[in-house]
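Listed below, chain by chain, are the residues.
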Amino acid sequence: MNGTDHDTIVAPATAPGGALAVVRVSGAEALAVCDRIFRGRGKLADAAAYTLHYGRIVEPAAAGLSPDADAPAERTIDDVLVAVFRAPHSYTGEESAEISCHGSQYIVSELLRLLCRAGARMASPGEFTIRAYLNGKMDLSQAEAVTDLIASSSRAAHTLATTQLRGGYSADLEALRERLLELVSLLELELDFSEEEVEFADRTQLRETMEQIDARIEAMRRSFTLGNAIKQGVAVAIVGAPNAGKSTLLNRLLNEERALVSDIAGTTRDVIEELTNIDGVEFRFLDTAGIRTTEDRLERMGIERTLSSITRARIIIRLLDATQAGDTIPAPDFEVRQDQRLLTVMNKLDCCPGRTLPEGILGLSAKTGEGLDTLRCALRAAVDTQALYHGDTVVSNSRHAEALTAAHDALLRALDGLREGLPTDLLSEEIRQVIGHIGTITGRGQITPDEVLQNIFSKFCIGK
Ligand code: GDP
């Protein structure tokens, strides 16, 4: 995998089943390869950028065989439209074409076979985006945002991906990197004049700048909790005594929002997590299999599962049964962390008309649906998306969060060094470490090892 190895690659870009399909071709020879099987008004290789060409895809007559007198020399596969992109103004930065054909699996596979025979090869997952990165069309964090965009299933996740894709995030990191580089160059200037014992970099000012940068890194790092929740779905645990109405509430929340039911890979098979979208944010209800089998599950297993979903949840709905609960509400018998929100909800209020609730407790009848909208608003309000919609940096990628943590640790070491009067060359080396960690996020100013690239791009789908 390197920037010069740009042979012509081809892959379907659309999922099977639609009326149309798009096949992408990219590489220095992309248009010449297409011309070998495309019959239109002119040659695609001569076409201007951003033009669309109608024509036929044909299987050229096999060389060496004299065609049967009756049989046509070329077999038409499909009528197509070809969009032409010229380097460097394409997604990959290379000569590229996108062939729109009819959405038949047979046509698509014939098209791929013919393009490969004409000189292209099948692309591996993410290879188009790898080329875009290697050709400087986007940095690594933007490339990663492409997969997030394709996977986004709520307004919030979509905003997260598009902000990152447009490079707002990269600009932030670049600004930090530049400030750090300035510090390093001041320190290194000092080294050049070491005989004269001058201090170009005022140590108090140096400390202040480093602390400001660390505050920025910390803010970005903290935003990962929100970013990750938005990307994966905000985890919610519904807990309460048997018969409090957990299943009824879950069904209400899911059905009324036309829920997507999904088995999330990687979790135990009988743990089903269900997703619902509330006002542009996806919520993920934990251990719903546990909720649904209250009656026949083993008690011990049930408790363990409930505790585990409480630990993993960002929001805990504690459901009380109005027909059982007295006027004083006991404190929950589980711990609520600072980063978690507890919503205490009194259910079955339809059985107790006129009952007044203590402050801070939401009323509900899962049976009639009364109070459901208020509960939904409370769930939504527990996720602060203000920053996200105002374009602030919100980190949603665990690789980035790890790099920010490493940058923060390195910066703390540099600050320690500064305090302890570390020699200038060692101090500058510590700051270079911070720059290195930040650089791994965007891949800019950094040699990104092949295995890191493989790891990032292997998560892509074919054709992207
Ligand atoms: P779980 O064990 O916590 O999952 O409770 P379920 O959802 O299975 O509900 C237990 C029983 O309470 C069922 O018979 C439900 O129909 C009933 N129930 C649930 N919510 C309400 C409610 O708001 N009002 C009334 N009257 N009954 C309810």
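Every value quoted in this text rests on a predicted model; they were computed, and no experiment measured them. (Residues numbered from 1 in each chain as written. Predicted model: local features only at pLDDT ≥ 70, side-chain atom pairs only at ≥ 80, totals over all residues. Heavy atoms only, no water.)

(A) Spotlight on the environment of Ile9. Inspection of the secondary structure puts Ile9 in strand S1 (residues 9–12). Each C-alpha atom of the pair Ile9 and Ala30 lies 7.8 Å from the other, and the pair is 21 residues apart in sequence. Aside from chain neighbours lying at most four places away, what touches Ile9 is Arg24, Val25, Ser26, Arg121, Ala123, Glu127, Phe128 and Arg131. (Helix = DSSP H or I, 4+ residues; strand = E, 2+ residues; numbered from the N terminus. Contact = heavy atoms within 4.5 Å.)

(B) Region of the structure containing the sheet that holds strand S6 (residues 96–102). As summarised here, the arrangement of the 7 strands in space is S3-S4-S5-S6-S2-S1-S7, forming an open sheet in which the pairing is mixed. The open sheet has two edge strands with one neighbour each: strand S3 (38–40) and strand S7 (121–122). Where S3 meets strand S4 (residues 51–59), 3 bridges bridge the pair, whose relative direction is antiparallel. Among the inter-strand pairings, Gly40 is bridged to a residue of S4, identified as Gly55. (Pairing = 2+ DSSP bridges.)

(C) Structural view of the pairing of strand S8 (residues 234–239). Of all 6 residues that make up S8, 6 are buried, and the element is covered over most of its length. Burial along S8 is two-sided: Val234, Val236 and Ile238 facing one way and Ala235, Ala237 and Val239 facing the other are all buried. Inspection of the sheet shows S8 paired to strand S11 (residues 281–285) by 3 bridges, in the parallel sense. Looking at S11, one finds that Ala235 is bridged to Arg284. As defined by bridge partners, S8 adjoins strand S12 (residues 315–321) across 4 bridges and the pair is classed as parallel. Bridged to Val236 within S12 is Ile315. (Buried < 20%, exposed > 50% of the residue type's maximum accessible area, 1.4 Å probe, protein only.)

(D) Layout of the site of the ligand. The full set close to the ligand counts 16 residues, and Asn243, Lys246, Ser247, Thr248 and Asp350 are the nearest of them. Here an oxygen atom of the ligand sits 3.1 Å away from a polar atom, N or O, in the side chain of Lys348. If the ligand stood free it would expose 580 Å²; the protein chains cover 76% of that surface. (Near = heavy atom within 4 Å. Polar contact = N/O pair within 3.5 Å; in protein donor to acceptor, adjacent residues only side chain to side chain. Areas by Shrake-Rupley, 256 points an atom, 1.4 Å probe, with all protein chains shown as cover.)

(E) Representation of the nonpolar core in the model. Ranked by size, the top nonpolar core spans 33 residues in total, and within it Leu249, Phe283, Ile315, Ile317 and Leu379 carry the most contacts. Put simply, the parts of the chain that give this core at least two residues each are helix H5 (155–165), helix H7 (203–232), S8, helix H8 (246–256), S11, S12, strand S13 (341–347) and helix H11 (372–381). Each of domain 2 (155–223 + 394–460) and domain 3 (233–384) contributes no fewer than three residues to this core. Filtering out sequence-adjacent residues up to four positions away, Leu379 remains in contact with Val236, Leu253, Ile278, Phe283, Ile315, Ile317 and Leu343. In this structure, Val184, Leu206, Leu411 and Val434 belong to the second largest nonpolar core, which totals 29 residues. (Core = buried A, V, L, I, M, F, W, Y, C linked by side-chain atoms within 4.5 Å. Domains from an automatic or database assignment.)

(F) Summary view of the pairing of S13. By the criterion of burial, S13 is predominantly enclosed, with 5 of the 7 residues buried. Sheet topology places S12 next to S13; 7 bridges connect them, and they run parallel. For Arg318, the partnering residue across the bridge sits in S13 and is Thr344.

(G) The arrangement of the packing of helix H13 (residues 398–419) against helix H14 (residues 424–442) in detail. Contact geometry for H13 and H14: axes closest at 8 Å, N-to-C directions at 170°. Accordingly, the angle class assigned to the pair H13 and H14 is roughly antiparallel. Packed against H13, whose contacting residues are Arg399, His400, Ala403, Leu404, Ala406, Ala407, Ala410, Leu411, Arg413, Ala414, Gly417 and Leu418, the element H14 presents Leu427, Glu430, Ile431, Gln433, Val434, His437, Ile438, Thr440 and Ile441 at the interface. When its residues are assigned to classes, the contact of H13 with H14 shows 13 nonpolar, 5 polar and 3 charged. (Axes fitted to C-alpha atoms, helices over the stretch in contact; angles between N-to-C directions. Parallel < 35°, antiparallel > 145°, perpendicular 65-115°, else oblique. Nonpolar A, V, L, I, M, F, W, Y, C, P; charged D, E, K, R; others polar.)

(H) Representation of unusual backbone geometry within the structure. For the bond running from Ala87 to Pro88, omega is 0°, close enough to zero to count as cis. Structurally, the position occupied by Pro88 is in the loop between strand S5 (75–85) and S6. A positive phi is found at Tyr50, a non-glycine position, where the angle reads about 55°. Position of Tyr50 relative to the elements: it lies in the loop between S3 and S4. Using a relative accessible area of 57% as the deciding quantity, one classes Tyr50 as exposed. Although it is not a glycine, Lys348 adopts a positive phi angle of roughly 65°. Among the secondary structure elements, Lys348 is positioned in the loop between S13 and strand S14 (362–363).

(I) Up close: H7. Its 30 residues give H7 an end-to-end C-alpha distance of 43 Å, which sits within 8% of 44 Å, the value for a rise of 1.5 Å per residue. In H7, a bend of some 30° at Phe224 exceeds every other bend along the element. Directly beyond the C-terminal end of H7, a positive phi value near 100° is found at Gly233. (Expected span 1.5 Å × (residues − 1). Bend = angle between axes of the 7 residues up to and from the residue.)

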